[in-house]
Amino acid sequence: MDFIAGAIGGGLSTAVGYPLDTVKVRIQTERRYRGIWHCIQETYRTEKVWGFYKGISASVFSVSLISSVSFGTYRNFLRSICKWRYGTADAKPSKLDIVLAGSATGAVRVMLMTPSEVAKVRMQTQKPPHPTAASPHPASKPKYQGSLHCLRVIAKEEGFGGLYKGCSALLCRDCSSSAIYFLTYSVLCNWLTPEGKNKPGFLVVLLSGGFAGVLAWGLATPMDVLKSRLQTDESGPHKYKGLIHCARESVRQEGVKVLFKGLGLNCMRAFPVNMVVFVTYEAVLRFTNH
């Protein structure tokens, strides 16, 4: 049931946070935007509302799948760790147990989500072809005509490895942030739940989930920037040779602050998105238990 509850929570959360995610990716990968509001204005001016939802079809599917895998895998890892350390899967886990289960969950998630992340980022940063003086109408169709078409083009032009661009940055990002994510949620739920109650109330779940998301994304933002840059580096002469080269070149050209591009957006988006994820997850589990 953990898998189903996670899938429903993940799918609902995507609709809440996707427009801000698009703005975040564009700010991280393109230097022409002067800030969040400028990016929002330019996106709406050139692409209207749909511009904020580019690639959402793949994202809804992948986030539902990844959220399902995340919660289901986390719970199963945690039970296995508890059984190995304490002799029973129902033992109360320590903070170290939660960190280990969260890190392992992040690694599993990366293996599944990287191709859809690459497609999402490419779709979000793709601009519509503009008319020129010679031709008042756009000369050609966009390179990527949808999420699945994007994946096919990447596989054809860049090979299987192209679908896993940025995987190293994703591993660094998700192993650490997943550990912090589940640990923060668990600690806050325990701290805010009154003594004598077995389960946290929904207000506690909302607050704990929101703050867990903010803290995890605050930690994850530098690797998220590098991941986005690596994934938009298309076929042909590559701008970046790998994760370390990407970090070095980005800092050299734009300063250390480049690693924190989109930090405010990540935190703004993380609070409502993860409130939705956790409250939906808990609601589905409690409903099915009844």
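- As recorded by an unreviewed UniProt entry, the protein carries the name Solute carrier family 25 member 47 and is attributed to Tinamus guttatus.
- What the UniProt record of the protein gives under Sequence similarities (unreviewed entry) is the line "Belongs to the mitochondrial carrier (TC 2.A.29) family."

## With respect to helix 5 (residues 147–162)
Link 1 in the chain: Compared with an ideal rise of 1.5 Å per residue, which puts 16 residues at 22 Å, helix 5 spans 15 Å between its outermost C-alpha atoms and falls more than 12% short.
Link 2 in the chain: The largest bend along helix 5 measures about 90° and falls at K156.

## Some remarks on the pattern of salt bridges
Where side chains of opposite charge bring their charged atoms close, a pairing between them can arise.
Link 1 in the chain: Counting across every chain of the model gives 20 salt bridges.
Link 2 in the chain: Where R45 meets E42, a salt bridge forms, and the shortest distance between an N and an O atom there is 2.9 Å. Of this pair, R45 and E42 both sit in helix 2 (residues 36–47), separated by 3 residues, roughly a single helical turn.
Link 3 in the chain: Classification of R45 as exposed rests on a relative accessible area of 53%.
Link 4 in the chain: Here D97 ties to R85 by a salt bridge, and the two come within 2.5 Å at their closest N and O atoms. Of this pair, D97 sits in helix 4 (residues 95–125) while R85 sits in helix 3 (residues 56–86), and the two are 12 residues apart along the sequence.
Link 5 in the chain: Bridged by salt links that share partners, the residues D21, K24, R109, E117, K120, R173, D174, D224, K227 and R269 form one connected network.

Cut-offs and rules
Residues numbered from 1 in each chain as written. Predicted model: local features only at pLDDT ≥ 70, side-chain atom pairs only at ≥ 80, totals over all residues. Heavy atoms only, no water. UniProt positions renumbered as here; feature names shortened; annotations may be inferred. Helix = DSSP H or I, 4+ residues; strand = E, 2+ residues; numbered from the N terminus. Expected span 1.5 Å × (residues − 1). Bend = angle between axes of the 7 residues up to and from the residue. Salt bridge = Lys/Arg side-chain N within 4 Å of Asp/Glu carboxyl O. Buried < 20%, exposed > 50% of the residue type's maximum accessible area, 1.4 Å probe, protein only.

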